[in-house]
Amino acid sequence: MHCYFCQRNIKEINFRDTRALEKFMSALGKIRSRKKTGLCAYHQRRLAQAIKRARFMALMSYTKE
Ligand SMILES: [Zn+2]
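The structure displayed is predicted, hence computed values, not measured ones.

**Describing the overall build of the chain**
Logical step 1: Scanning the chain for helices and strands turns up four helices and zero strands.
Logical step 2: Beginning at the N terminus, the succession of helices and strands in the chain can be written as α-α-α-α.
Logical step 3: In terms of its C-alpha atoms, the chain occupies a principal-axis envelope of roughly 45 × 25 × 15 Å.
Logical step 4: By residue count, 28% of the 65 residues in the chain fall in the buried class.
Logical step 5: Partitioning the contacts of the chain with sequence separation of at least 6, the portion at a separation of at least 24 is 53%.
Logical step 6: One finds the centroid of the 16 positive side-chain charges in the chain at a distance of 11 Å from the centroid of its 4 negative side-chain charges.

If you want it as structure tokens, here you go:
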């Protein structure tokens with residue numbers, strides 16, 4: 001098994017860690033499929049949540065100022 005997050009013993013993906021998130025996004029900003037990310041089911045799900053949250057926070061910061 002070569003799940004990026006399991007290997008690093010990361011249980012919760014930090015949505016502020018955009019550098020890590022970007023690894024698993026396509027050039028168009030979409031989440032890559034599990035076949036491409038190589039993540040386990042658990043972390044693939046967590047990744048999707050983290051990316052959604054990161055997008056949401058980005059929207060928030062746009063509208064703040
Ligand atoms: Zn994993």
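Don't stop here, the text continues.
**Thoughts on the coordination of the zinc ion**
Logical step 1: On the protein side, the zinc ion has Cys3 (SG), Cys6 (SG), Cys40 (SG) and His43 (ND1) as donor atoms, found 2.0 to 2.3 Å from it.
Logical step 2: If you look at the zinc ion, its four donor atoms make angles of 102 to 116 degrees with each other, and the shape they trace is tetrahedral.
Logical step 3: For the zinc ion, the donor residues sit on a single chain with the sequence spacing C-x2-C-x33-C-x2-H. Of the two residues, cysteine 3 sits in the segment before helix H1 (4–7) while cysteine 40 sits in the loop between helix H3 (34–37) and helix H4 (41–64), which places them 37 residues apart along the sequence.

**Some remarks on the packing of aromatic side chains**
Logical step 1: In total, this model carries three aromatic pairs according to the counting rule given.
Logical step 2: Centroid distance phenylalanine 5 to phenylalanine 24: 5.5 Å. Interplanar angle 45 degrees. Geometry classified as tilted. Pair noted here: phenylalanine 5 is in helix H1 and phenylalanine 24 is in the loop between helix H2 (18–23) and H3, with a separation of 19 residues, a long-range link.
Logical step 3: Since its relative accessible area comes to 6%, phenylalanine 24 is described here as buried.
Logical step 4: Ring-pair connections join several aromatic residues into one group, and the members of that group are Tyr4, Phe5 and Phe24.

**Notes on a nonpolar patch on the surface**
Logical step 1: On the surface, Phe56, Met57 and Met60 cluster together into a nonpolar patch covering about 280 Å² of accessible area.
Logical step 2: By the element assignment, phenylalanine 56 lies in helix H4.
Logical step 3: With a relative accessible area of 49%, phenylalanine 56 lands in the partly exposed category.

**Points about the nonpolar core**
Logical step 1: In terms of nonpolar packing, the biggest core is built from 15 residues, with Tyr4, Phe5, Ile13, Leu21, Phe24, Leu39 and Leu47 touching the most fellow members.
Logical step 2: Per-element accounting of this core gives the leading share, four residues, to H4.
Logical step 3: Those residues within four positions of phenylalanine 5 in sequence are excluded, and the remaining contacts are Ile10, Ile13, Phe24, Leu39 and His43.

How each quantity is defined
Residues numbered from 1 in each chain as written. Predicted model: local features only at pLDDT ≥ 70, side-chain atom pairs only at ≥ 80, totals over all residues. Heavy atoms only, no water. Helix = DSSP H or I, 4+ residues; strand = E, 2+ residues; numbered from the N terminus. Buried < 20%, exposed > 50% of the residue type's maximum accessible area, 1.4 Å probe, protein only. Contact = heavy atoms within 4.5 Å. Lys, Arg positive; Asp, Glu negative; His and termini not counted. Charge placed at Lys NZ, Arg CZ, Asp CG, Glu CD. Donors = N, O, S within 2.8 Å, 3.2 Å for Na, K, Ca; no water. Tetrahedral: all angles 85-135°; square planar, octahedral: opposite > 155°, others 65-115°. Phe/Tyr/Trp six-rings, centres within 6.5 Å; stacked < 30°, edge-to-face > 60°. Patch = residues over 30% accessible without salt bridge, like charges linked within 9 Å, V, L, I, M, F, W, Y side chains within 5 Å. Areas by Shrake-Rupley, 256 points an atom, 1.4 Å probe, with all protein chains shown as cover. Salt bridge = Lys/Arg side-chain N within 4 Å of Asp/Glu carboxyl O. Core = buried A, V, L, I, M, F, W, Y, C linked by side-chain atoms within 4.5 Å.

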